[in-house]
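# Examination of the molecular architecture
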There are 2 protein chains.
Amino acid sequence: MKNLIVGQSGGPTSVINSSLAGVIDYAISCGEIKEIYGMINGIEGLLEENYINLGNIFRHMPSELNRLKVTPAMYLGSCRYKLTGDKDELKKVVEILQKLDVGYFVYIGGNDSMDTVKKLSDYTIENGIDIKVVGVPKTIDNDLMGIDHSPGFGSAAKYIASCVREVAYDTSIYSIKSVHIIEAMGRNAGWVTAASALARQEDMIAPHLIYLPEIAFSVEKFVQDVRDKLEQYNSIIVVVSEGIRDENGEYICAKNDKKDIFGHAQLSGTGEYLKSVVEKEIGCKVRSLEPSVIQRSAGHISSLTDVEEAFNLGGVAVDAAMKGKSGIFSTIRRISNKPYTIEYTTEDVAVVANREKKVPRSWINKDGNDVTDEMIAYIRPLIEGVVQTPYRNGLPDYIDIRHLDVKKQNYKNPED
Amino acid sequence: MKNLIVGQSGGPTSVINSSLAGVIDYAISCGEIKEIYGMINGIEGLLEENYINLGNIFRHMPSELNRLKVTPAMYLGSCRYKLTGDKDELKKVVEILQKLDVGYFVYIGGNDSMDTVKKLSDYTIENGIDIKVVGVPKTIDNDLMGIDHSPGFGSAAKYIASCVREVAYDTSIYSIKSVHIIEAMGRNAGWVTAASALARQEDMIAPHLIYLPEIAFSVEKFVQDVRDKLEQYNSIIVVVSEGIRDENGEYICAKNDKKDIFGHAQLSGTGEYLKSVVEKEIGCKVRSLEPSVIQRSAGHISSLTDVEEAFNLGGVAVDAAMKGKSGIFSTIRRISNKPYTIEYTTEDVAVVANREKKVPRSWINKDGNDVTDEMIAYIRPLIEGVVQTPYRNGLPDYIDIRHLDVKKQNYKNPED
C-alpha cells in the first residue's frame, strides 16, 4: 500500500476544504492507502518538507471531517508558488515524495495550480516514476476551462445574490433617490458579478444594472443608464466587476487618480470611482460597497450544492489516481439544468492549466448592462441548498487551524 | 374598540420588523383592537396620510408574520424626520389619527424617534386627547439609555464577530505577514466594534486589536501596536470603529486628505486611512474591509435572541398602551448573564430621547486597544441562537415590500 499526499494552492473559496474532506474520506474508506499526508502551504511548503499526517487526525475523529467540509478557506494553508519546470526542482519534489513513499499526489487549486500538476505529472511519466499526480479544481471566479462550473463559484454566487437582496431591503426604506454600487470579485471574468442577477424574484427588481469585464465600459453610458433607472425607481442597485475596463482596455479603477496620503496611486476602488461619478453627474445619495474577501470566506452561507460537488470532486480525483491516471483533474459535466443533473469525470490537465473561461457575449444583454435568462438558468442550480453550519456560542464553529503556525513555531509533527 | 397605528423610523437593523411583527401579533391576538394601520415612511408619511391596513394583510395570512419577523430593514419604510414640537404640526398629526379613530400610536425607533414619541405624548396628555403614544426601541449601535441593550445590536454583534472569524480563516492561509483592518459601524459608541471580540474562542486569537471611539486614538500608538502583534503572529486582524478620533477630537478619517476625482474631500474611510499608514510605516500586505450596511441588513445571520426580544418588546409596548400608559417605551432589564435571564418592563421615554449610552472606560483595557472580559460577558448572550431563515431558490426569502412604492406610484390602498 502506498501513501497519498494532498495540498491546497491559490486563493481561498468557501469549499476548498470540502474537496480536502472528500480526498481524505475517499483515502480512508477505500482501504488501499496507508498514510495520508497534507502539505502545509502547498508545493512551497512541501519543498521545505512541511507536512502533517492527516490520517492520524481524521481516522480517529471521523466526525471532524464534517466540520472540515463546511470550514471556509484552506485547512492546509496555501501558496502562490508554481513549479518552474526546472529539472532539479522537480527532482527534489520527487525525492521528498519518495522519502514519504507517496504513490498519489493530489493538488487542489486553480489554473495556476493545475500547471504544477501538469509539470510534475509530465516529469514522473517521462522518468518512469510511479507517482500519480492529479488535480482537483477550485476558484470562485468560475474561469476554469474543461469543467461546467468551478467549485467555489456556487457559494460566491449565493453570497453576492443574497447580499444584493439584503442590501435592497436596506435601501428601500427611504423615499429619496439613492444609488448603491456593489463591487464584485473577478478581474477578468464576470461570472460572480453576473450571479447577482439571481437576487431577482417576482417581488424584487434589484440589481438594476450589471456590468461585466467582458464588455468595454463607458462611463458616459453608465451615467445615462443610472439616470434612466432613477426615473423608474427610487433606489437602485448596480453591481460591477472589479475588473471593468474602458474601450482602450484601461481599468476603470485606474481612472481613479486618487492618491493615498503618501502620494501613491490607489488602484483599488472601481466602485469608489463610480460613486464619485454619480455624485458629480447626478448628485443623489450614493454608497459603494465592496464585500472583498468576505464574499469568498462566508462559509455560513455556502451553497450546499457547491459543498457536495467539491467533496465529490476530491474523491473522484483520488479514485482516478488509484486507477492509474496521472496528469488529469476531476471535473463536472452538466447533463441538464432542470432538473439539475451532472456527471463526474476526469479531464486532461492541459485543458485547464493557465487558461481562462470568460462569459460568452451571448449571455450578456445587447446593451451590455445586464445578463440574459440563459445565464440565470446556468447559475441558478449552483446556489441551491443550505449548509448546516455548526454553531457554538452563537458563532460558526469551524475546524481548528492552529497547525498553520507549524513553520513559525518550528513545530515538529509528533508522528515523525 | 379603538384602532392602532404603528410606524418605523431611523436607520435599519435586522430585527425592526420583528418588533413590528410583535406589535401586529399582540394587536391581533388581544381581541381588543379593531384596525391595525401602518404608517408608510414613519411620521413623515403619516403627515401626508400615507398608511396601509396591516390587519387586512396579516389577519388573513398569519404565517406571513413569521416571515416578517425575520426580514431585515423596515417593512413600513422609514424617515429621518422628527416632530418639531410646533403646535400646528402636532395638531395636524392628532387630527389624522382621530380621523382614523386611532387610540394607540406605536413608534419603533432610536433616540431621535423617541423624541417624537415624547412630543406627541406630551401634547395628547396636555390636551386631554385619548391617544396613548408608546415607543419600541431599536438601533444596532446599542447607544440607547434606559435599556440593558438595544434590539438590533445582538444581530450586528453576531455579524461582525462571524465576519472576523471567517476573515481570519481567509487570512491564515499564507505564511506571509499581513494586516486586515475591519471598519465597524458606530460613530460615537463602540459597542458593535467591541462585539468583534466574541470571535475569539480557544482556537482563535483574532481580532488582535480593537479600537473604540470612546478612547482618543493615536496613530503612532496604533503603528506600534500593529508592529508588536506582527512579531507574534503572521496575519493580524484589527477592528476599528468608523468614529475613532484623535486627542483633539478630530475624526481619524478626516486625516484622510484624499480627494475624490473632482477634488472633494472624502470623509469616509477610517480603515482606508489606516491601511495607508500601515503600508507606509510597516510595508506588509494590508487590506481594509468595510462591511458598511451589510452588517445591519444580514438578516440570514440574525441572532435568534435578538429576534425574539425585539418581537416581545413590540407586544410589551402595545400591552402598556392598552393599559393606559403613554410616553413610555418597552425595555429590557437584565437579571443575570449566566444563565442569561431578563425581564421586560416599560420606562419613561424621557430617559432615552436624544441621549447616547457610551462604552464605560472600565470595559476597555488599560492600553485602549481591546475590551475586557466584562464586556464579552455582557455581549455573549445577545448573539445566541440561529434564526431559521426561509430560503427559496437558494436565497433568503423575505417578505414582499413592493408596497413601499406606494407614494411614487400614487398607489391607493384598496381598503380605503
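Reference entry: report on the structure contained in this document.

What follows covers the overall build of chain A. Within chain A, the regular secondary structure consists of 14 helices and 13 strands. Computed over the C-alpha atoms, the radius of gyration of chain A is 23 Å, within 12% of the 22 Å expected from 2.2 N^0.38 for a compact globule of 416 residues. Its C-alpha atoms give chain A principal-axis dimensions of roughly 70 × 45 × 40 Å. Looking at the 416 residues of chain A, the share that counts as buried comes to 64%. Expressed as a percentage of contacts within chain A between residues at least 6 apart in sequence, the contacts between residues at least 24 apart total 75%. Total accessible area on chain A is roughly 14700 Å²; 47% of this is exposed by carbon and sulfur atoms.

Moving on, we come to the packing of helix α1 (residues 16–30) of chain A against helix α13 (residues 304–322) of chain A. To describe two helices that pack against each other, one gives the angle between their axes and the distance between the axes. Residue and element names in this part refer to chain A. Remark: α1 packs on α13, axes separated minimally by 7 Å, with the N-to-C direction vectors making an angle of 45°. In terms of orientation, α1 and α13 fall into the oblique class. For the element pair α1 and α13, the recorded crossing hand is right-handed. Between α1 and α13, the residues in contact are Ser18, Ser19, Ala21, Gly22, Val23, Asp25, Tyr26 and Cys30 and Val307, Ala310, Phe311, Gly314, Gly315, Val318, Asp319 and Met322, respectively. Class assignment for the residues of the contact of α1 with α13 results in nine nonpolar, five polar and two charged.

Of the residues lining the interface, 82 residues belong to chain A; the matching set on chain B comes to 82 residues. Summing both sides of the interface, chain A and chain B together bury roughly 6800 Å²; the carbon and sulfur share of this comes to 56%. Taken together, chain A and chain B are joined by two salt bridges. Notably, a salt bridge pairs B:Asp170 with A:Arg296, separated by 2.8 Å at the nearest N-O pair. The tally of links from chain A across to chain B stands at 26 residue pairs in polar contact (both at pLDDT 80 or more). Of all elements in the fold, only α7 (153–171), α11 (270–281), β9 (285–289), α12 (294–297), β12 (391–392) and β13 (395–396) of chain A reach the threshold of two or more residues within the side of chain A that touches chain B. With ten residues, the top contributor of residues to the side of chain A that touches chain B is α7(A).

Take the packing of aromatic side chains next. Per the stated rule, a full pass over the model turns up 20 aromatic pairs over all chains. Judged by centre distance (5.5 Å) and plane angle (80°), the rings of A:Tyr398 and B:Tyr169 are edge-to-face. Of this pair, A:Tyr398 sits in the segment after β13 while B:Tyr169 sits in helix α7 (residues 153–171), each in a different chain. Among the aromatic residues, ring-to-ring pairing joins A:Trp191, A:Trp363 and A:Tyr378 into one connected group.

Glancing now at helix α13 (residues 304–322) of chain B. Residue and element names in this part refer to chain B. Taking 1.5 Å as the rise per residue, α13 with 19 residues should run 27 Å; its terminal C-alpha atoms sit 28 Å apart, in good agreement. Counting buried positions along α13 yields 14 of 19 residues, so the element is predominantly enclosed. With a side-chain oxygen lying 3.3 Å from the backbone nitrogen of Thr305, the N-terminal cap of α13 falls on Ser303. Once α13 finishes, Gly324 follows within two positions and takes phi at roughly 95°, a positive value.

Tallied over the entire structure, the rule returns 40 salt bridges over all chains. The residue B:Asp101 makes a salt bridge to B:Lys2 at a minimum N-O spacing of 3.7 Å. Residue B:Asp101 is located in the loop between α5 (87–99) and β4 (102–109), and its partner B:Lys2 is located in strand β1 (residues 2–8); the two are separated by 99 residues in the primary sequence. Overall, the relative accessible area of 35% leaves B:Asp101 in the partly exposed class. Under the relative-accessibility criterion, B:Lys2 is labelled partly exposed at 30%. Several salt bridges share partner residues, and in doing so they unite A:Glu64, A:Arg67, A:Arg392 and A:Asp397 into one network.

Attention now moves to the pairing of strand β10 (residues 328–336) of chain B. Residue and element names in this part refer to chain B. Pairing geometry for strand β5 (residues 132–137) and β10, over two bridges, is parallel. Following the sheet pairing, Gly135 is matched in β10 by Phe329. Two strands pair when backbone bridges link them, and β10 and strand β11 (residues 341–348) are joined in this way by eight bridges, in the antiparallel orientation. When the bridges of β11 are listed, Arg333 appears paired with Glu343.

Another aspect to go through is the relation of the copies chain A and chain B. The two copies are related by a screw operation: chain A maps onto chain B through 180° of rotation and 0.0 Å of translation along the axis, at an RMSD of 0.0 Å. On the angle and the small slide along the axis, the relation comes out as a two-fold axis. Of all interface residues in chain A, 100% are interface residues in chain B too; the two copies therefore contact each other through one and the same surface.

A few words on the environment of B:Ser196. Residue and element names in this part refer to chain B. Locating Ser196 in the fold gives a position in the loop between α8 (191–195) and β7 (209–211). C-alpha separation for the pair Ser196 and Ile210, spaced 14 residues apart in sequence, amounts to 8.0 Å. Apart from the residues lying within four places of it in its own chain, the contact partners of Ser196 are Ile160, Ala161, Val164, Pro207, Ile210 and Val239. Within the structure, Ser196 has its side chain in polar contact with the backbone oxygen of Thr193 (distance 2.6 Å).

Residue and element names in this part refer to chain A. Axis separation between helix α9 (residues 219–232) and α11 bottoms out at 11 Å; the angle between their running directions is 60°. Crossing hand, α9 versus α11: right-handed. Across the interface between the two elements, Val219, Phe222, Val223 and Arg227 from α9 touch Tyr273, Leu274, Val277, Val278 and Glu281 from α11. Of the residues that constitute the contact of α9 with α11, the class distribution is seven nonpolar, no polar and two charged.

What follows concerns the sheet that holds strand β2 (residues 33–39) of chain A. All names here are of chain A. In space, the seven strands of this open sheet follow the order β3-β2-β1-β4-β5-β10-β11, with mixed pairing throughout. A single partner strand is all that each edge strand has here, and the edge strands are β3 (51–53) and β11 (341–348). Strand after strand, the sheet turns through a mean of 30° between neighbouring axes, direction not considered. In terms of strand pairing, strand β1 (residues 2–8) meets β2 through four bridges, oriented parallel. Bridged to Leu4 within β2 is Ile36.

A word on the sheet that holds strand β7 (residues 209–211) of chain A. Residues and elements named next belong to chain A. Strand order across the open sheet formed by four strands is β7-β8-β6-β9, with parallel pairing between neighbours. Looking along the sheet, the strands with just one partner apiece sit at the ends: β7 and β9. For this sheet, the mean angle separating the axes of adjacent strands, direction not counted, is 15°. Where strand β6 (residues 178–184) meets β9, five bridges bridge the pair, whose relative direction is parallel. Across the sheet, Ile182 pairs through a bridge with Leu289, a residue of β9. Of the strands in this sheet, β6, β8 (235–241) and β9 touch α7, which is tilted by about 165° from β6. Across the sheet, α11 touches β6, β8 and β9, and the angle it forms with β9 is around 175°.

Taking 1.5 Å as the rise per residue, α7(B) with 19 residues should run 27 Å; its terminal C-alpha atoms sit 27 Å apart, in good agreement. Among the 19 residues in α7(B), 19 count as buried, and that is most of the element.

A few words on the environment of A:Pro151. All names here are of chain A. Among the structural elements, Pro151 can be located in the loop between β5 (132–137) and α7. The exposure class assigned to Pro151 is buried, which follows from its relative accessible area of 3%. Linking Pro151 and Ser330, residues 179 residues apart in sequence, is a C-alpha distance of 11 Å. Those residues in contact with Pro151 that sit more than four places away from it in its chain are Val15, Pro137, Lys138, Thr139, Asp306, Ala310 and Leu313.

What counts, and at which threshold
Residues numbered from 1 in each chain as written. Chains lettered and ligands numbered in written order. Predicted model: local features only at pLDDT ≥ 70, side-chain atom pairs only at ≥ 80, totals over all residues. Heavy atoms only, no water. Helix = DSSP H or I, 4+ residues; strand = E, 2+ residues; numbered from the N terminus. Rg over C-alpha atoms; globule rule 2.2 N^0.38 Å. Buried < 20%, exposed > 50% of the residue type's maximum accessible area, 1.4 Å probe, protein only. Contact = heavy atoms within 4.5 Å. Areas by Shrake-Rupley, 256 points an atom, 1.4 Å probe, with all protein chains shown as cover. Axes fitted to C-alpha atoms, helices over the stretch in contact; angles between N-to-C directions. Parallel < 35°, antiparallel > 145°, perpendicular 65-115°, else oblique. Left-handed = near helix turned anticlockwise from the far one by under 90°. Nonpolar A, V, L, I, M, F, W, Y, C, P; charged D, E, K, R; others polar. Buried area = accessible area lost by both parts, 1.4 Å probe. Salt bridge = Lys/Arg side-chain N within 4 Å of Asp/Glu carboxyl O. Polar contact = N/O pair within 3.5 Å; in protein donor to acceptor, adjacent residues only side chain to side chain. Phe/Tyr/Trp six-rings, centres within 6.5 Å; stacked < 30°, edge-to-face > 60°. Expected span 1.5 Å × (residues − 1). Pairing = 2+ DSSP bridges. Least-squares fit on C-alpha atoms with pLDDT ≥ 70 in both.

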